[in-house]
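Structural overview
Single-letter residue listing:
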Amino acid sequence: TPLCTAMNAVGNLREATRQPHPNPERAERAYAAAEKSLQRCHHLITAVLDYSRCGQHQLQPLNIDTWLEKTLTEFPLPADIHLNTRFAAPVEVAAAPCQLRRVVHNLMENAAQAMTTTDPPADGHRLEVTSRIRRARGPQKQQVEISIQDTGPGIPVEAQNKVFAPLYTCREGGVG
């Protein structure tokens, strides 16, 4: 588990600094391993807490464009990723804001992580978030669509049919 890795790293750090001639390289590796493991623990615990807090699916009226703009400001993007927005759905919908926020933030996090694994295009990495109203068939004449697109490598073909399976992830430390 990430906690075991962090505990081992702290033990290595203790050994690296207790000796008469401390080993700074060993200490730095131990610091890095502990930090990475603790960040993973933080991510896992945050995901579980978010899920438990958002357990209720209470619908409330949301102006999609206003809500989306606010939600995007809550997500810290890396400095080398440029956010472009185009909102065209200034309507109210009944939605569960906590669950919808989690979806948008998860997609943004996935996009940001994917983009940092590849070299940026000439004009830099871009994340584009759009909203629009589109015609629908059936009793609902219109639907609101939120689109999140990035300049990352995309989902590997072999993983595309698995992405909606609960807890599926192809990322180390991911929770699905």
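What this report covers is the structure whose coordinates are included nearby. Note that the structure is a prediction, hence the values are computed from the model and not measured.

**With respect to the overall build of the chain**
Assigned secondary structure in the chain consists of four helices and five strands. Scaling as 2.2 N^0.38, a compact globule of 176 residues should have a C-alpha radius of gyration of about 16 Å, whereas the chain reaches 21 Å, well beyond that. Expressed as lengths along the three principal axes of its C-alpha atoms, the size of the chain is roughly 75 × 45 × 35 Å. Taken over 176 residues, the chain has a buried fraction of 24%.

**Considerations on the nonpolar core**
Nonpolar side chains in soluble globular proteins tend to be buried together. Within the largest apolar cluster, 14 residues are counted, with the highest numbers of intra-cluster contacts made by Leu68, Leu72, Val104, Met108 and Leu127. Contributing elements (two or more residues each) for this core: α3 (64-73), α4 (97-115) and β4 (125-135). Of all the elements, α4 adds the most residues to this core, at five residues. Setting aside residues up to four positions removed in sequence, Leu72 forms contacts with Leu83, Thr85, Phe87, Val104, Met108 and Val129.

**Overview of the pattern of salt bridges**
One pass over the structure, following the stated rule, counts six salt bridges. When the shortest N-O distance is used, the salt bridge between Asp123 and Arg126 registers 3.0 Å. According to the relative accessible area criterion, Arg126 is partly exposed, its value standing at 30%. When salt bridges with common partners are traced through the structure, they connect Lys70, Glu74 and Arg101 into a single cluster.

**Remarks on the pairing of β4**
The two faces of the sheet receive side chains in turn, since in a regular strand these alternate between them. One ladder, built from eight bridges, connects strand β2 (residues 81-88) with β4; its direction is parallel. Bridge pairing links Arg86 to Thr130 in β4. Sheet analysis places β4 next to strand β5 (residues 142-150), joined by nine bridges and oriented antiparallel. Counted as the bridge partner of Glu128 is Gln149 from β5. Connecting the antiparallel pair β4 and β5 is a turn made up of six residues, with Gly138 showing a positive phi of about 90°.

**A short note on α3**
Residues of α3 that are buried include every one of Ile64, Asp65, Trp67, Leu68, Thr71 and Leu72, and no others. Buried residues of α3 fall within an arc of 160° about the axis and therefore sit on the same side. Opposite the packed face of α3, turned more than 90 degrees from it, sit the exposed residues Thr66 and Thr73. On its buried side, α3 packs onto β1 (60-63), β2, β3 (92-95), α4, β4 and β5. N-capping of α3 is provided by Asn63, with a side-chain oxygen placed 3.2 Å from the backbone N of Asp65.

**Considerations on the packing of α3 against α4**
One way to put it is that α3 packs onto α4 with a least axis distance of 11 Å and a crossing angle of 55°. With respect to α4, the axis of α3 lies oblique. In this structure, α3 meets α4 at a crossing whose hand is right-handed. Contacts between α3 and α4 involve Ile64, Trp67, Leu68, Lys70, Thr71 and Leu72 from the former and Pro97, Leu100, Arg101, Val104, His105 and Met108 from the latter.

**Comments concerning the sheet that holds β5**
Backbone-to-backbone hydrogen bonds join strands into a sheet, with any given pair of strands oriented parallel or antiparallel. With mixed pairing, the three strands of this open sheet are ordered in space as β2-β4-β5. Since the sheet does not close on itself, it has two edges, and those belong to β2 and β5, each with one partner. Taken pair by pair, the neighbouring strands of this sheet meet at an average axis angle of 10°, ignoring direction. Running over the sheet, α3 touches β2, β4 and β5 and is turned about 170° from β2.

About the criteria used
- Residues numbered from 1 in each chain as written.
- Predicted model: local features only at pLDDT ≥ 70, side-chain atom pairs only at ≥ 80, totals over all residues.
- Heavy atoms only, no water.
- Helix = DSSP H or I, 4+ residues; strand = E, 2+ residues; numbered from the N terminus.
- Rg over C-alpha atoms; globule rule 2.2 N^0.38 Å.
- Buried < 20%, exposed > 50% of the residue type's maximum accessible area, 1.4 Å probe, protein only.
- Core = buried A, V, L, I, M, F, W, Y, C linked by side-chain atoms within 4.5 Å.
- Contact = heavy atoms within 4.5 Å.
- Salt bridge = Lys/Arg side-chain N within 4 Å of Asp/Glu carboxyl O.
- Pairing = 2+ DSSP bridges.
- Arc of directions from axis to C-beta.
- Polar contact = N/O pair within 3.5 Å; in protein donor to acceptor, adjacent residues only side chain to side chain.
- Axes fitted to C-alpha atoms, helices over the stretch in contact; angles between N-to-C directions.
- Parallel < 35°, antiparallel > 145°, perpendicular 65-115°, else oblique.
- Left-handed = near helix turned anticlockwise from the far one by under 90°.

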